[in-house]
Amino acid sequence: ILNGHKSEINYLKLSSNDNFLVSCADEGNVRIWDVKLRKMVGTLKHDDRVRSVDFNSNDEWIVTGCNDKIIRLWDRKRENTFARLIGHSNTIHCVRFDSSDTRIVSCGRDGKILIWDIEQKQSVSNFQESTHSIVTVQFCFNDTKIISASEDNSVRLWNVSTSECILQLSLRGGFSCMAFHADGV
């Protein structure tokens, strides 16, 4: 058992090398855990509820999405922020790195999906999905597509280069996450 959060945990992410686990919670903290030692080795402090967290491919960076509408990029070892990305007008529900670690995709309660260029530290694409809150989003198919899921029980597949919705499915019931096979399909 890993003890450390004082409130509900919203998301967990295991590093690609299986050495670290990050957890984010309502109290506004992200905890970094050493899996082998089974102990907390770091804390990334926020002023508001943290909804989503992700590692980049070499596990050196962590991205967080928060109720305060700010995406933060962190250096895992130094536990400091090296970028703040502002563009959502409401709670951020999900943040994910692409496979090349050059972009981040985010979504939130404002119904927007944004793609961020990490080097430029700015949004480079804006997908207005709906008036409904978007619950989760991620890159897929070698980062050429984005898949999103909304509170209106729809799943959409987007072409990254054209920003067009190329497939929409309506499903029964709600969901809060989705996953792809490791080969991206």
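Residues numbered from 1 in each chain as written. Predicted model: local features only at pLDDT ≥ 70, side-chain atom pairs only at ≥ 80, totals over all residues. Heavy atoms only, no water.

Asker: Go over the sheet that holds strand S4 (residues 39-45), please, and point to the residues and values.
Answerer: Read from one edge of the open sheet, four strands run S1-S2-S3-S4, paired in antiparallel fashion. The strands lining the two open edges of the sheet, one partner per strand, are strand S1 (9-14) and S4. When the angles between neighbouring strand axes are averaged without regard to direction, this sheet yields 20°. Relative to S4, strand S3 (residues 29-34) is paired through six bridges, and the arrangement is antiparallel. Considered in S4, the bridge of Asn29 is made with Lys45. (Pairing = 2+ DSSP bridges. Helix = DSSP H or I, 4+ residues; strand = E, 2+ residues; numbered from the N terminus. Axes fitted to C-alpha atoms, helices over the stretch in contact; angles between N-to-C directions.)

Asker: Give me the pattern of salt bridges: which residues, what numbers.
Answerer: For the structure on display, the rule yields eight salt bridges. With a closest N to O distance of 3.6 Å, Asp75 and Arg78 form a salt bridge. The exposure class of Asp75 is buried, given its relative accessible area of 15%. Within this structure, Glu60, Arg76 and Lys77 form a network of salt bridges that share partners. (Salt bridge = Lys/Arg side-chain N within 4 Å of Asp/Glu carboxyl O. Buried < 20%, exposed > 50% of the residue type's maximum accessible area, 1.4 Å probe, protein only.)

Asker: Talk me through the side chain of Asp59; I want residue IDs and the actual numbers.
Answerer: If you trace the backbone, Asp59 turns up in the loop between strand S5 (50-55) and strand S6 (61-66). In this structure the side chain of Asp59 is engaged in a polar contact, spanning 2.9 Å, whose partner is the side chain of Ser16. Among the polar contacts listed, one links the side chain of Asp59 to the backbone nitrogen of Asn17, at a separation of 3.2 Å. Not counting residues up to four positions away in its chain, the partners in contact with Asp59 are Ser15, Ser16, Asn17 and Arg76. (Polar contact = N/O pair within 3.5 Å; in protein donor to acceptor, adjacent residues only side chain to side chain. Contact = heavy atoms within 4.5 Å.)

Asker: Outline the sheet that holds strand S15 (residues 154-159), supporting the account with residue identities and numerical values.
Answerer: What the four strands build is an open sheet, ordered S13-S14-S15-S16; its pairing is antiparallel. With partners counted over all chains shown, the strands left at the sheet margins are strand S13 (134-140) and strand S16 (165-170), one partner each. Adjacent strand axes in the sheet meet at a mean angle of 15°, parallel and antiparallel pairs treated alike. As paired elements, strand S14 (residues 145-150) and S15 share five bridges and run antiparallel to each other. Counted as the bridge partner of Lys145 is Asn159 from S15.

Asker: Run through the packing of aromatic side chains, naming residues and quoting values.
Answerer: The tally for this structure, following the rule as stated, stands at three aromatic pairs. Between Trp61 and Phe97, the ring centres sit 6.5 Å apart and the planes meet at 35°, which makes this aromatic pair tilted. Here Trp61, found in strand S6, pairs with Phe97, found in strand S9 (residues 92-97); they are 36 residues apart in sequence, far enough to count as distant. Directly above the aromatic system of Phe20 lies the positively charged group of Arg76, at a separation of 4.1 Å from the ring centroid. (Phe/Tyr/Trp six-rings, centres within 6.5 Å; stacked < 30°, edge-to-face > 60°. Lys NZ or Arg CZ within 6 Å of the ring centre and 35° of its normal.)

Asker: Residue-level account of the pairing of strand S10 (residues 103-108), with values.
Answerer: The element S10 is extensively covered by neighbouring structure, given that five of its six residues are classed as buried. By the bridge criterion, five bridges tie S9 to S10 in an arrangement that is antiparallel. Within S10, the position partnered with Phe97 by the bridge is Ile104. In sequence, S9 turns back onto S10 through a hairpin of five residues, with Asp101 there showing a positive phi of about 65°. One ladder, built from five bridges, connects S10 with strand S11 (residues 112-117); its direction is antiparallel. Within S11, the residue paired with Ser106 across the bridge is Leu114. Counted between consecutive antiparallel strands, the loop separating S10 from S11 contains three residues, among which Gly111 sits at a positive phi close to 80°.

Asker: Summarise the side chain of Thr43; cite the residues concerned and give the values.
Answerer: Here Thr43 lies in strand S4. Here Arg31 takes part through its side chain, which lies 3.1 Å from a polar atom of the side chain of Thr43. Not counting the four nearest positions on each side in its chain, Thr43 is found in contact with Asn29, Val30, Arg31 and Glu79.

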